[in-house]
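# Structural overview
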Amino acid sequence: GGSPVAPAGGGAWNLVDTEEVATGSSITLTGLDSTYDTYALVGSDLQLAVDHNNFGIRVGDSGGVDSGGSDYPHHVGWCASDSTSYGGLASTGTDYMWWNNSVGNATGEGCGFVFYLHRPADGSMFPMISGTYTGVRNTGITNGGFVAGTRLSVITVDRVHLYDRGAGNMSGRFSVYGIAHA
């Protein structure tokens, strides 16, 4: 038998910003900087006032949230509990990253996600987001999948923006954590 191995030190998820919204059309979290190389974006208990709608996500800098018409190429893949088929959506550029599919607003319906922003604020590559989501559609069917997207500009990212693409009201919590590497 060998000697026991001590657990690795360091590393943690440190809360940077969080907001719970009872009714509103968007949440913008700030405080991202070069302290962390990777950020975790977490959405929980997210619901929309308008049935059969979707969320979008964007990033921004000190000038505000970037929402240019072709700034965000992305790919979304999904599956649902009523099918063994897989679906997908791809875009070479829109004004947001789309990542869920027909969120319902009845009791028990909604969605959540864990995404990663793979770049510090002062990074030299395009800001990239990837991760997974799950939810209950407007039909009561559970679905989930993955997203991969990019902001096509090297910017000093200091904020992330989650919004209701139907311009209605949403509720839930959105949080951003800095992932320490030491």
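What comes next is a walk through the structure.

Thresholds, definitions, all that
Residues numbered from 1 in each chain as written. Predicted model: local features only at pLDDT ≥ 70, side-chain atom pairs only at ≥ 80, totals over all residues. Heavy atoms only, no water. Pairing = 2+ DSSP bridges. Helix = DSSP H or I, 4+ residues; strand = E, 2+ residues; numbered from the N terminus. Axes fitted to C-alpha atoms, helices over the stretch in contact; angles between N-to-C directions. Buried < 20%, exposed > 50% of the residue type's maximum accessible area, 1.4 Å probe, protein only.

### Re the sheet that holds strand β13 (residues 170-180)
Pairing is antiparallel across the open sheet formed by eight strands, whose spatial order is β1-β13-β3-β9-β10-β11-β6-β7. Bordering the open sheet on either side are β1 (12-24) and β7 (86-94), each of which pairs with just one other strand. Ignoring which end each strand starts from, the neighbouring axes of this sheet average 15° apart. In terms of strand pairing, strand β6 (residues 72-80) meets strand β11 (residues 142-150) through seven bridges, oriented antiparallel. Each bridged residue has a counterpart across the sheet, and for Cys 79 the counterpart in β11 is Gly 144.

### Remarks on unusual backbone geometry
With the exception of glycine, most residues fall at negative phi, and the peptide bonds are largely trans. You will see that Asp 45, though not glycine, has its phi angle at about 55°, which is positive. One can find Asp 45 in strand β3 (residues 38-48). Its relative accessible area of 60% is what places Asp 45 among the exposed residues. A positive phi angle, near 60°, is found at His 52, a position not held by glycine. By the secondary structure assignment, His 52 is in the loop between β3 and β4 (55-61). Judged by its relative accessible area of 48%, His 52 falls in the partly exposed class.

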